[in-house]
Amino acid sequence: MSVFENAKQNLEKASKYMNLSDGEKELLLNHKIIHKARLNVNGKGYDAWRIIHNDALGPGKGGIRFHPNVSEDEVKSLSFWMSLKNSLAGIPYGGAKGGVKVNPKDLSKEEIEEVSRAYVRAFHRYIGQDKDIPAPDVYTNPQVMAWMLDEYERIKGRHEPGMITGKPVELGGCEIRGYATSKGGKIILNFFLDKIDEKREGTRVVIQGFGNAGMNIAKMLFEDGYKIIAVSDSKGGIMNLDGLDIKEVIKIKEEKKSVTQYSKGKRVTNKELLELDTDVLVLAALENQITKENADNIKAKYILELANGPITYEADEILNNKNIKVIPDILANSGGVIVSYCEWVQNRTGQIFSKEYMENILKEKLERSFNKTYNLYKERNVSLRMAAYMIAMERILKAEKSRGNLD
Ligand code: NAD
């Protein structure tokens, strides 16, 4: 089943709980704008997309992914999840996403710059601070955002830093954006464990994915006294039941490019890592990691979805039946876009916010969305994912109704 077909099933399920009309469901199931281009760089061609799922709440907002498996179906799913995430977070954005089907690991730095600039040349008419605002995602980073901003401003002949977020600080980015997704994930995990009276100290954690999201949360949870027993990247994983020294693992990852080079642990495959006996499993890599094939073997008590869509619909049902609590992506990884919102406000108003101010906004917004989700989860006796979907969908539909797009 395609990623989007899979994603749609959660929407269909939430629609039933909400008694949505066919018109309301149709509106949420369909994307507003799909742009596709072929980027030509140094004699090679790459497929690229920018898709807005819904823009009733404000301009589109969502990252750009560079990955060899990017497809229209994947970008459709990611933009749909962005609509829900932005709505749940209570920020004035619709949902969008972009991607280029490219393996940046095969390219030189100069070629990555060329792909980034070619992306903006292809889509500059459709992006902008009041239209659609990109940000980093898998295998893109502040440097890529800087090249994109520069190309955009050259084409438009004016400065417009609010057209993209996740920029380097000197171009109007904010210091905390780099770790905001992970910080948000940690805050949400702590809220959840506090609600169910679980301690943090010594709580075992397994983390799949060791990039921006996975590595930063590993560092934060390690510093807070959680016991990180296994981590992985695309090359495989490493495990130590006595706990990994995450600071050393980060050093090895930076020096040797993979956590698998860390010597004080046992090598595990990504498949084995997902099935380890642990309290918390953090998914911080890609979609479709837990499927109906491995869901029965999952032993974690709680799963934090820092990645977007890492659990398929069928697997989610199996985990629910096993009473494994899943903290859903649209809540767990919303810290990044909340701080992107601060960056955008800063760029548009010319103000400069302090780190403390932005961290407060992050915590306040997460507390509000967590409490709303948790209360509805208890009240309706549904999964946390269904509660989060219902809150997010309702806000989008209200905006569509106010605009006169729905009866
Ligand atoms: P990244 O490119 O910084 O890191 C991705 C990591 O995943 C790398 O360590 C890579 O080695 C690993 N990986 C890739 N394939 C893997 C596999 N099959 N098994 C295990 N590990 C694998 O990307 P990121 O920004 O950390 O994004 C990770 C996930 O978090 C994505 O789903 C992304 O959409 C989501 N997310 C990121 C942000 C953000 O601000 N960075 C915000 C919200 C959601």
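Structure shown above.
Scope of this entry: the structure provided in the associated data block. Since the model is a prediction, treat every value here as computed from it, not as a measurement.

1. As for the state of the cysteines
Tallying each qualifying case throughout the model produces zero disulfides. In this structure Cys 174 is a free cysteine whose sulfur lies 6.5 Å from that of Cys 342, the closest cysteine sulfur available. Owing to a relative accessible area of 5%, Cys 174 belongs among the buried residues under this scheme. Given the relative accessible area of 2%, Cys 342 is considered buried.

2. So, the sheet that holds strand β4 (residues 64-67)
Pairing within the open sheet is mixed, and its four strands lie in the order β1-β2-β5-β4. One side of each edge strand has no neighbouring strand; the edge strands of this open sheet are β1 (33-41) and β4. Going from strand to strand, the sheet's axes swing by 15° on average, the running direction of each strand aside. Against the sheet, helix α4 (residues 109-123) engages β1, β2 (44-54), β4 and β5 (95-101), with an angle of about 140° to β1.

3. Observations concerning the site of the ligand
Taken together, the neighbourhood of the ligand is formed by 24 residues, with Asp 137, Thr 181, Asn 212, Ala 213 and Asn 308 sitting nearest. Between an oxygen atom of the ligand and a side-chain N or O atom of Asp 137, the distance comes to 2.7 Å. With respect to the ligand, the backbone of Ala 213 contributes an N or O atom lying 2.8 Å from an oxygen atom. Coverage of the ligand by the protein chains reaches 89% of its 830 Å² of free accessible surface. At the level of secondary structure, the elements contributing two or more residues to the shell around the ligand comprise α6 (177-195), α7 (212-223) and β8 (227-233). Tallied by class, residues from the shell around the ligand come to nine nonpolar, 10 polar and five charged.

4. Considerations on the sheet that holds strand β13 (residues 325-327)
Across the sheet, seven strands lie side by side as β10-β9-β8-β7-β11-β12-β13; this open sheet has mixed pairing. The open sheet terminates on both sides in strands that have one partner only, identified here as β10 (266-268) and β13. Each strand of the sheet is rotated relative to its neighbour by a mean of 20°, with strand direction disregarded.

5. Brief notes about the packing of aromatic side chains
Using the criterion set out here, one finds 11 aromatic pairs in the structure. Members of the aromatic cluster, joined through ring pairs, are Phe 191, Phe 370, Tyr 374 and Tyr 377.

6. Brief notes about unusual backbone geometry
Even without glycine at this site, Tyr 139 takes up a positive phi of about 60°. Relative to the helices and strands, Tyr 139 resides in the loop between β6 (132-133) and α5 (142-156). Phi is positive for Asn 288, which is not a glycine, with a value near 50°. Residue class for Asn 288 comes out partly exposed when judged on its relative accessible area of 30%.

7. A closer look at the environment of Val 144
Position of Val 144 among the secondary structure elements: in helix α5. Through-space distance from the C-alpha of Val 144 to that of Asn 40 is 17 Å; in sequence the pair is 104 residues apart. Apart from residues no more than four positions distant in its own chain, Val 144 is found in contact with Phe 66, Ile 112 and Ser 116.

8. Quick look at the pattern of salt bridges
Overall, the coordinates contain 38 salt bridges when judged by the stated rule. Of the charged contacts, one joins Glu 111 and Lys 44 as a salt bridge, the two residues approaching to 3.6 Å between their closest N and O atoms. Here Glu 111 is found in helix α4, whereas its partner Lys 44 is found in strand β2, with 67 residues between them in sequence. Look at Glu 111 and you get buried, because its relative accessible area is 19%. Each of the salt bridges in this network shares a partner with another, and the network as a whole consists of Glu 113, Glu 114, Arg 117, Arg 121, Asp 150, Glu 151 and Arg 154.

The rules we used
- Residues numbered from 1 in each chain as written.
- Predicted model: local features only at pLDDT ≥ 70, side-chain atom pairs only at ≥ 80, totals over all residues.
- Heavy atoms only, no water.
- Disulfide = S-S within 2.5 Å.
- Buried < 20%, exposed > 50% of the residue type's maximum accessible area, 1.4 Å probe, protein only.
- Pairing = 2+ DSSP bridges.
- Helix = DSSP H or I, 4+ residues; strand = E, 2+ residues; numbered from the N terminus.
- Axes fitted to C-alpha atoms, helices over the stretch in contact; angles between N-to-C directions.
- Contact = heavy atoms within 4.5 Å.
- Near = heavy atom within 4 Å.
- Polar contact = N/O pair within 3.5 Å; in protein donor to acceptor, adjacent residues only side chain to side chain.
- Areas by Shrake-Rupley, 256 points an atom, 1.4 Å probe, with all protein chains shown as cover.
- Nonpolar A, V, L, I, M, F, W, Y, C, P; charged D, E, K, R; others polar.
- Phe/Tyr/Trp six-rings, centres within 6.5 Å; stacked < 30°, edge-to-face > 60°.
- Salt bridge = Lys/Arg side-chain N within 4 Å of Asp/Glu carboxyl O.

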